[in-house]
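A look at the structure
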Amino acid sequence: MARTSSDDADVMIGQRIRARRLALDMSQTVLGEALGVTFQQVQKYEKGANRVPAGRLQRMAAVFNVPVSFFFESSQVEKIDDGGLSAFTSSREGRDLNRAFAAIGGRDVRRRVIRLVEAIAAGEAEADVRTEAAE
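Structure report, in brief. (Residues numbered from 1 in each chain as written. Predicted model: local features only at pLDDT ≥ 70, side-chain atom pairs only at ≥ 80, totals over all residues. Heavy atoms only, no water.)

Regarding the nonpolar core
Rules: To form a nonpolar core, buried Ala, Val, Leu, Ile, Met, Phe, Trp, Tyr and Cys residues must be joined to one another through side-chain atoms within 4.5 Å. Exposure categories follow from relative accessible area, calculated using a 1.4 Å probe and restricted to protein chains: below 20% of the type maximum is buried, above 50% is exposed, and the middle band is partly exposed. Numbering of helices and strands runs from the N terminus, with a helix taken as a DSSP run of H or I at least four residues long and a strand as a DSSP run of E at least two residues long. Pairs of residues are marked as contacts when any of their non-hydrogen atoms sit within 4.5 Å.
Counting 16 residues, the largest nonpolar core has Ile17, Leu31, Met60, Phe64 and Phe71 as its most contacted members. Take this core: its biggest share by element is 4 residues, from helix H4 (residues 54–64). Residues contacting Phe64, with those up to four places away along its chain left out, are Ile17, Arg20, Arg21, Leu24, Met26, Leu31 and Phe71.

Below you can see the structure in the form of structure tokens.
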């Protein structure tokens, strides 16, 4: 019997694959090469369009340096050190920022926005260090 639609579990696993890949700043091509599949296949896994075979899921867990259970247990998401990325992207501010950023059409403009945010973050970190030194 052919499967015609994504199963909720396949979509959830796909979302976790994408989130972890992005947290590691890894491209679909690099992940695909590590798994022996094309980047198109990785896209299908991330969308939940194709089910990830058990052996490949195990290999993916090794590539991501997470337990296989990471893809199934929601509590595992918080246990992975991604620099707070999971918590931020789950927050209202993270979702709002992602939506607004995705609406920017030009690649050069997006890169300038990234540099601006990085500069702001670096300035805050520098200010925190100065404050701590003064105390």
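Details of the pattern of salt bridges
It is possible for side chains bearing opposite charge to pair when their charged atoms get close. So the rule is basically this: Criterion for a salt bridge: a side-chain nitrogen of Lys or Arg within 4 Å of a carboxyl oxygen of Asp or Glu.
Tallied over the full model, the rule gives 4 salt bridges. In this structure, the salt-bridge partner of Arg18 is Glu46, at a minimum N-O distance of 3.6 Å. Linking Arg18 in helix H1 (residues 8–23) with Glu46 in helix H3 (residues 39–47), this pair joins segments that are 28 residues apart in sequence. Owing to a relative accessible area of 40%, Arg18 belongs among the partly exposed residues under this scheme. Linked by salt bridges that have partners in common, Arg18, Arg21 and Glu46 make up one network.

Concerning a positive patch on the surface
Worth spelling out the cut-off: Within the patch definition used here, like charges are joined within 9 Å and nonpolar side chains (Val, Leu, Ile, Met, Phe, Trp, Tyr) within 5 Å, considering only residues with over 30% relative accessible area and no salt bridge. All accessible-area figures derive from a Shrake-Rupley calculation using a 1.4 Å probe, and residue coverage is judged against the displayed protein chains alone. Here the positive residues are Lys and Arg and the negative ones are Asp and Glu; neither His nor the chain ends is included. The atom standing in for a charge is NZ when the residue is Lys, CZ when it is Arg, CG when it is Asp and CD when it is Glu.
On the surface, a cluster of positive charge is contributed by Arg107, Arg111, Arg112 and Arg115. Mapping Arg111 onto the fold places it in helix H8 (residues 107–134). Note on Arg111: relative accessible area 40%, which makes it partly exposed.

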